[in-house]
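Topology and contacts: notes
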Amino acid sequence: MAVLNKIRQRSLFLILIIALALFSFVLADLFRNGSALTSKSQNIVATINGKDITREDFMQKVEIAQQQTPSATSNQIMNRVWDQEVRQAVMQTQFDHLEISIEKDQVKELLKGALSNNPNFLNEDGIFDEAKLSEYIANLKATSAQAYQQWKDYENSLALNAMQQDYFNMVKSGMTGTLAEGELEHKLEGDKVDIKFVQIPYVSIPDSTVTVSKSEINNYINAHKKQYEVQASRSIRYVEFKEVASVEDENAIKNELAELLKDRVVYNEVAKTNDTIIGFQKVTNYKEYVNANSDQKFDDRFVFKSSLPSVAADSIFNLNVGEVYGPYKDNNQFKITKMAAVTQLPDSVKARHILIPFVGASSAPEDAQVKIDAKKTADSLLAILKNDTSKFGEFVTEFSSDQGSVNNGGSYDYFPYNRMVPAFRDFTFENNTGDLGVVETPYGFHIIEIEGQKNKQRAVKVATIARTIEPSDATIDNVFRDASSFEIAVEKSEFPTVAEEKGYVIRPVSKMKVLDENIPGLGNQRSIVRWAFEEGTDIGDVKRFTTPTGYAIVQLTEINVAGMMNTEDASVTALPIIRKQKKAEIIKNRVSATTLDALASAEGQTVRSSLAINMKNPTISGAGKEGVVVGAAFGLEEGETSGLIEGEKGVYMVQVTKKTPATALDNYQGFANQVSNTKATTVNSKLYNALKDAAEIEDNRAATVQ
């Protein structure tokens, strides 16, 4: 009883304790849910018409796409995958609404159509074999989860394309042209008017005399909000510090090359003796010497004059064997070039061959001979052909594995010097028409006959030592010092002031978007864009970034949030429109004339004519496209004069001098078909974009792109 009494006495206290416990439980649940929501939002790259696209799935597709297109940047790949995902989600909404789907048997038919010419899935008769396809898919599933997923994605893309085509066809089926529309189309083209007109051009009033207030621009923006909606953006300015070779650096490189021409003595640490290294002028082992001293390898082939560096082609081409030219500058390199050999070569050759592959050769078939047997086969065929070349075509058909030339009797029509692999090239260009021989290439043994040669001319083989022009360590240190000094200085003074004092060029970059990656003048600099949009980066902040060629000191100059364009930026397009409207009012208010002649006299203009105007192409001769003016003219009777009409390029008064109606037709089906075709074309070009504009798309890519 004592315990019960104590409980009763402290009932209010207990109620409070229980309430607090319940409250804490609810709070904990809320925090858990809030955390889950936050986690969810972080894991969702987009929500399109209520469908979530997870970051994991998105990035997996990006990775696959990157492997397929390694030359593209991460941002380019992400944008491509994004467009694909958006299109799929937008179209899927329509498919679900209309219950459009592709069943398994339809997918099989799609695969059959797509792969009907793929040799991997054809039987011996060249007919598509479903069993081979099934075996291929089963093998993928058993051996590679990633490859199998890629195959499933391929199947899905085929199905998606098929459903999309069905959807587009359904829409097109409702886009027919009626006979009434055909008749209207005929009238728009066939109805003609001849007019006289006076144009008072807007340019006759100087822009400086028309005042447009900021409030008028704001009112125009508010009346055309859709036109002036903008994404979040940032503007920056930067000074670039490039690590480029100085004049001293270039002279040092030239001097190093000049020293290579001479013999030089170096101390041999191993032998403890002075060794003499032969200079380039005396060298005969060109390949070894060039490869040891040059930034580009020795090119062991003959070339024509057109292939030599243009800055020194004449000087090099006329060298005698053993003579040297240089150092000379060619693009971003200094070079010295020695004439290694001179010969006469045709500029093109016609040849035929029989290719005998061997095990291990490129593209060799499974039943290829071992190398020694392949060589015996080639030699024996050559021995026969030397006595009787008429058998060449027969041997091509029976023995050659080069399917590209078999149908031509093994022949390749006239080809230039560098078309074939080196051994094949050397034999055909350095021997004479009619010569036969066997050469080995990575593809096997070739039995070659030279069928023809054209335009023999001087060709040269040169040995070139090239050194890339690069900044020295001292120059790189100086660039780093200058960049650091500027970075420190702009923390204490104005960015433009310091740049002007130092003689540096400031480069502005306006309106960068959050997913941009290219900075004009700097290339792909995603890190700069990311910094500009980071929370905590404020206007005036400065940061140094490393670029491929040095450094950039960057300052954030403007932050624009998503929403309406600011007045200053909007005025670029709004101001000319408002000014034109005001000019029209000025002209209309000062004009009292009611005839063309009176108006022309009062305004210092002339009465002009334009004939056979139609509504399909509302163009007035001498004035351009003026749809409103032409429309007004068609509303007048013959001989009637209009009032003042505001056009695109001025204010007009128009008089209709003649109206010619379109010739009546017995049937307007041809024009109705024309309308149908126009509508179908519009479906192809505009339907998806219309669906996309109407879709609810929440884009969270900014958190994904690094």
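This text gives an overview of the structure that appears in the document. (Residues numbered from 1 in each chain as written. Predicted model: local features only at pLDDT ≥ 70, side-chain atom pairs only at ≥ 80, totals over all residues. Heavy atoms only, no water.)

**Side note on the overall build of the chain**
Threshold: Elements are defined by DSSP. Helices are runs of H or I of four residues or more, strands are runs of E of two residues or more, and each kind is numbered from the N terminus. Atoms counted for the radius of gyration: C-alpha only. Globule rule: 2.2 Å times the number of residues to the power 0.38. Burial classes follow relative accessibility: with a 1.4 Å probe on protein chains only, a residue under 20% of its type's maximum area counts as buried, one over 50% as exposed, and anything between as partly exposed. Throughout, a contact is declared for two residues whenever any of their heavy atoms are within 4.5 Å. Computed by Shrake-Rupley with a 1.4 Å probe, the accessible areas treat only the displayed protein chains as cover when residues are assessed. As used throughout, the charge tally considers Lys and Arg to be positive and Asp and Glu to be negative, leaving His and the chain termini uncounted. Note on charges: their place is set at NZ of Lys, CZ of Arg, CG of Asp or CD of Glu.
Helices and strands together make up the secondary structure of the chain, namely 23 helices and 26 strands. Relative to a compact globule of 706 residues, whose C-alpha radius of gyration would be 27 Å, the chain shows 40 Å and is clearly more extended. For the chain, the C-alpha atoms occupy an extent of roughly 115 × 100 × 75 Å along the three principal directions. Across the 706 residues in the chain, those meeting the buried criterion constitute 36%. Of the contacts made within the chain by residues no fewer than 6 positions apart, 66% connect residues no fewer than 24 positions apart. Only carbon and sulfur atoms are counted for the fraction: they give 50% of the accessible area of the chain, which is about 40900 Å². Computed over 78 positive and 94 negative side-chain charges, the inter-centroid distance for the chain is 3 Å.

**Section: the packing of aromatic side chains**
Here is the rule we go by: Planes of paired rings set the category: under 30 degrees apart is stacked, over 60 is edge-to-face and the rest tilted, where pairs are Phe, Tyr or Trp rings (Trp by its six-membered ring) whose centres lie within 6.5 Å. In this scheme, the term charge over a ring applies when either NZ of a lysine or CZ of an arginine sits within 6 Å of the ring centre and within 35 degrees of the ring normal.
A full pass over the atoms with the stated rule returns 21 aromatic pairs. Centroid distance F480 to Y551: 5.8 Å. Interplanar angle 65°. Geometry classified as edge-to-face. Note that F480 is positioned in helix α17 (residues 473–492) and Y551 in strand β19 (residues 550–560), a separation of 71 residues in sequence. With a centroid separation of 5.6 Å and 80° between ring planes, the pair formed by F486 and Y504 is classed as edge-to-face. A residue pair is termed long-range when its members are at least 10 positions apart, and F486 in helix α17 and Y504 in the loop between α18 (495–502) and β15 (507–513) qualify at 18 residues. Relative accessible area serves as the criterion here: at 25%, Y504 is assigned to the partly exposed category. Taken together, the aromatic side chains of F304, F415, Y417, F424 and F429 make up a single cluster linked through ring pairs. Note that R544 overlies the ring of Y551, its terminal NZ or CZ placed 5.7 Å from the centroid.

**Describing the sheet that holds β15**
We apply this condition: For two strands to pair, DSSP has to find at least two bridges joining them. Lines fitted to C-alpha atoms define the axes, with helix axes restricted to the stretch in contact, and inter-axis angles between N-to-C directions lie between 0 and 180 degrees.
Read from one edge to the other, the open sheet built from 4 strands follows the order β15-β5-β19-β18, with strand pairing classed as antiparallel. Each of the sheet's edge strands pairs with one partner strand only, and the pair in question is β15 and β18 (542–547). Along the sheet, successive strands turn relative to each other by an average axial angle of 35°, direction set aside. As paired strands, β18 and β19 are joined by 6 bridges and run antiparallel to one another. Opposite R544, over in β19, you have I553 as the bridge partner.

**Considerations on the nonpolar core**
As a reminder of what qualifies: By convention a nonpolar core is built from buried Ala, Val, Leu, Ile, Met, Phe, Trp, Tyr and Cys residues, the set being connected through side-chain atoms within 4.5 Å.
If you look at the biggest cluster of nonpolar residues, it comprises 42 residues, and the most contacted ones within it are F58, L133 and Y167. Among the elements of the structure, β1 (44–48), α3 (55–68), α4 (74–98), α5 (104–114), α6 (130–143), α7 (145–173) and α23 (669–694) are those that each provide at least two residues to this core.

**Some words on the environment of Q281**
By the secondary structure assignment, Q281 is in the loop between β7 (273–277) and α11 (286–293). Not counting residues up to four positions away in its chain, the partners in contact with Q281 are L261, G322, V324 and K338.

**Regarding the sheet that holds strand β25 (residues 650–660)**
Pairing within the open sheet is antiparallel, and its 4 strands lie in the order β21-β3-β25-β24. Each of the sheet's edge strands pairs with one partner strand only, and the pair in question is β21 (608–613) and β24 (645–646). By the bridge criterion, 10 bridges tie strand β3 (residues 192–201) to β25 in an arrangement that is antiparallel. Paired with K192 across the strands is T660, a residue of β25.

**Here's the deal with the pairing of strand β14 (residues 457–468)**
Residues in a regular strand project their side chains so that they alternate between the two faces of the sheet. Most of β14 is tucked away, with 9 of its 12 residues classed as buried. Relative to β14, strand β9 (residues 333–345) runs antiparallel, the two being bridged by 12 bridges. Note that in β14 the partner of A341 across the bridge is K461.

**Remarks on the layout of surface pockets**
Under the convention used in this document: Definitions used throughout: a 1 Å grid over protein atoms alone; a cavity as a set of points that fits a 1.4 Å probe which cannot get out; a pocket as an open set with protein on both sides within 12 Å along at least five of seven lines; a lining residue as one with an atom within 4 Å of a point. Grid points are joined across faces, edges and corners, and a volume is the space filled by probe spheres set on the points. Amino acids outside the nonpolar list (Ala, Val, Leu, Ile, Met, Phe, Trp, Tyr, Cys, Pro) and the charged list (Asp, Glu, Lys, Arg) are all regarded as polar, and Gly is one of them.
Taken as a whole, the largest pocket spans an internal volume of roughly 1200 Å³. If you trace the largest pocket, you find 36 residues lining it, with K152, D153, Y154, N156 and S157 closest to the centre. Elements that contribute at least two residues to the lining of the largest pocket include exactly α3, α4, α5, α6 and α7. Ranked by residues supplied to the lining of the largest pocket, first place goes to α7 with 14 residues. Per-class residue counts for the lining of the largest pocket are 15 nonpolar, 11 polar and 10 charged. In this model, the second largest pocket occupies a volume close to 270 Å³. Q296, D299, P309, V462 and T464 are, among the 18 residues lining the second largest pocket, the residues nearest its centre. For the lining of the second largest pocket, the secondary-structure elements that each account for two or more residues are β8 (324–330), β9 and β14. With 4 residues, the top contributor of residues to the lining of the second largest pocket is β14. Its residues placed into classes, the lining of the second largest pocket shows 9 nonpolar, 4 polar and 5 charged.

**What about a negative patch on the surface?**
We count it as follows: What goes into a patch is any residue over 30% in relative accessible area without a salt bridge, connected to like charges within 9 Å or, for nonpolar side chains (Val, Leu, Ile, Met, Phe, Trp, Tyr), within 5 Å. We count a salt bridge whenever a side-chain nitrogen from Lys or Arg sits within 4 Å of a carboxyl oxygen from Asp or Glu.
A cluster of acidic residues, E103, D105, E109 and E130, forms a negative patch at the surface. With respect to the helices and strands, E130 occurs in helix α6.

**Re the pattern of salt bridges**
Close approach of charged atoms lets side chains of opposite charge pair. Overall, the coordinates contain 31 salt bridges when judged by the stated rule. In this structure, the salt-bridge partner of K187 is D191, at a minimum N-O distance of 3.3 Å.

**A word on the packing of α17 against α18**
Two measures define how a pair of helices packs: the angle their axes make with one another and the distance between the axes. Filter applied, for reference: Roughly parallel refers to an angle under 35 degrees, roughly antiparallel to one over 145, roughly perpendicular to one between 65 and 115, and oblique to any angle outside these ranges. By convention the crossing between two helices is left-handed if the near helix lies anticlockwise of the far one by an angle smaller than a right angle, and right-handed if it lies clockwise.
Closest axis-to-axis distance for the α17/α18 pair is 8 Å, and the angle between their directions is 140°. What the angle tells us is that α17 and α18 run oblique. Like other packed secondary-structure pairs, α17 and α18 cross with a definite hand, here right-handed. Facing F486, A489 and V490 of α17, the residues of α18 in contact are F495, V498 and A499. Among the residues making up the contact of α17 with α18, the classes are represented as 6 nonpolar, no polar and no charged.

**Quick word on unusual backbone geometry**
Cis rather than trans, the peptide bond between G326 and P327 has omega equal to 5°. Look at N49: it is not a glycine, yet its phi comes out positive at around 50°. Along the chain, N49 turns up in the loop between β1 and β2 (51–54). One non-glycine residue with positive phi stands out, namely E99, at about 55°. As for its position among the elements, E99 is in the loop between α4 and α5.

**So, helix α21 (residues 596–603)**
This is how the line gets drawn: Think of the arc as the fan of directions from the helix axis to the C-beta atoms.
Three or more residues of α21 are buried, namely L596, L599, A600 and E603. Each buried residue of α21 sits inside an arc of 100° when the element is viewed along its axis, so together they form one side. Exposed side chains of α21 directed beyond 90 degrees from the buried face belong to D597, S601 and A602. Elements that come into contact with the buried residues of α21 comprise β3, α20 (567–590) and β25.

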